[in-house]
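Remarks on the overall topology
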Amino acid sequence: MDPYRFERSQALFERAKRSIPGGIYGHQSPMLLTTDSYPYFFSRGAGSHVWDVDGNEYIDYMCSYGPIVVGHLNPRVEEAARLRAAEGNCFNGPTALWVELAERLVALTPFADWAVFGKNGSDVCTWAIEVARHATGRPKIAVAEGAYHGTHAWATPVANGVTPEDRANVVKFRYNDLKSLTRAVEENHGAMAGVILTPFRHDAGHDSEMPAEGFLRGVRELCDRNAMVFVLDDVRAGFRLHMGGSGELFGVRPDLSCYCKAIANGYPLSACVGRDSLRQAASEVFFTGSYFTSAVPMAAALATLDELESTGGIERMRELGETLRDGMLAQALRCGFEVTWSGPPAMPYMSFKADQGRHARIKLFCGEAAKRGVYFHPRHNWFLSAAHTEEDIRRTLEVTDEAFAAVRKQFGA
Ligand SMILES: Cc1ncc(COP(=O)(O)O)c(C=O)c1O
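Throughout, residues of each chain are indexed from 1 in the direction in which the sequence is written. At least 70 in pLDDT is required for a residue's local features to be given in this predicted model, at least 80 for side-chain atom pairs to be given and counted, and no such filter applies to totals for whole chains, interfaces and linings, which use all residues. As a rule here, side-chain values cover all heavy atoms of the structure and leave hydrogens and water aside.

1. Some details on the pairing of strand β2 (residues 49-52)
Residues H49 and W51 line one face of β2 and the alternating positions V50 and D52 line the opposite face, and both faces are buried. What makes two strands pair is DSSP finding at least two bridges between them. Here a strand is any run of E in DSSP of at least two residues, a helix any run of H or I of at least four, and the numbering for each starts at the N terminus. In terms of strand pairing, strand β1 (residues 42-46) meets β2 through four bridges, oriented antiparallel. Bridging across to β2, F42 finds its partner in D52. The turn linking β1 back onto β2 is made up of two residues, and G47 within it adopts a positive phi angle of 60°. A loop of four residues connects β2 with strand β3 (residues 57-60), the two strands running antiparallel in sequence, and G55 in this loop sits at a positive phi of about 90°. We call a residue buried when its accessible area falls under 20% of the maximum for its residue type, exposed when it is over 50%, and partly exposed in between, using a 1.4 Å probe and counting protein chains only.

2. Things to note about the pattern of salt bridges
Any Lys or Arg side-chain nitrogen found within 4 Å of a carboxyl oxygen on Asp or Glu counts as a salt bridge. Under the definition given, this model contains 26 salt bridges. With its nearest N and O atoms 2.6 Å apart, the salt bridge here joins D276 to R279. Relative accessible area serves as the criterion here: at 40%, R279 is assigned to the partly exposed category. Where R361 meets D355, a salt bridge forms, and the shortest distance between an N and an O atom there is 3.0 Å. Like R361, the residue D355 is buried in the burial classification. When salt bridges that share partners are traced, they join R220, D224, D255 and R275 into one network.

3. Focus: the domain arrangement of the chain
By a widespread convention, an interface's size corresponds to the accessible area lost as its parts come together. The domain limits used here are those given by an automatic or database domain assignment. Each domain of the chain was delimited in the assignment, giving domain 1 (7-65 + 312-411) and domain 2 (76-311). Measuring from the centre of the C-alpha atoms in domain 1 to the corresponding centre in domain 2 gives 27 Å. By definition, the buried area sums, over both parts, the 1.4 Å-probe accessible area that each loses when the two are put together. Together domain 1 and domain 2 conceal approximately 1600 Å² of surface at their shared face, both sides included; 58% is due to carbon and sulfur atoms. For the pair domain 1 and domain 2, the interface holds zero salt bridges. Throughout this description, a polar contact denotes any pair of N or O atoms lying within 3.5 Å of each other; where both atoms belong to protein, one of them has to be capable of donating a hydrogen while the other can accept it, and for residues adjacent in sequence the pair is counted only when both atoms sit in side chains. Here domain 1 is connected to domain 2 by 11 residue pairs in polar contact (both at pLDDT 80 or more).

Encoded structure:
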């Protein structure tokens, strides 16, 4: 098979740089990928596959960085969206779907009594910490070092354009280190409104870390003892690990939980669900946006949740992720590589120990896989979808065998 070429992608990128600062910015910036091994622009997707503008086809293990959970162009989701769009999308107020979806999320999430909707993960994470502040009358929020909670000034990982005042009420602690969180709470006695936390540690550029035994329970107890609000940022993991929210997988129930990404299979929507005790505060913290009530993403969300539930999508992603993991770990062993496979099966990440966090081997590995039609990311966790098939995994393993061989050729075992 001829290695892929990216002429149209590269030409479009050159054009993009003239009219768009940076060409493509943020997490989808090609600067984070392996130069000359990845496409920059896509043209279509179907199920677990995507095609770039040069016509190259990929088995997609990034799923648009999370949103695609039941496959590109999932028939049930597309039909629901099409039917809704035929009646209109954006009105002076919401449609009945606004209520139906809130009721559905409340029914799915054991601790939740209400839901609100936004468009991005950043919207709901910022709003959730504002609710925590308003409810407690305290200013500070505990945030794990290196965690990503969005682009807003208090959270963005790139502080250009951000003032010290924007961050003045953010107190850092280390994920999985209950002592560091306890210390942060003690040092800010009476000023801490809450803690925001992802269900497992999935910081870009690092191996993922599952919550240590007792860590999330300890966070819950600390919040209860200090009347703080526990915000779960389930933006990335939500509806990939458990239908009731990822906290259920780890035996913890937060006070507020933020969803986005997988909730509507690629249609723009985010949500925050919460406990009754925060209902009053939630109704008093201003929250709105031009498209917050749009109906089509809500129809898509209801259909996505139906599809996940009726097809056992969560279980399927876990099983396929396990097959992929077992196959790739066996290949690494045969090639003499020490690799770290981290994260839950549906959201795995692999690194080479010899890279020592510098990503040289994994960049080559992912680049070699991309040029052969398997789309992984060298620095960000990967995503399975419920539309991946056993045949996808079989074909992927043929490609990863060749990618491991390419790494061995360049770096030795
Ligand atoms: C854990 C987490 N929180 C928040 C966000 C921000 O979401 P958005 O990019 O939709 O604003 C992301 C996005 O990747 C995320 O992974």
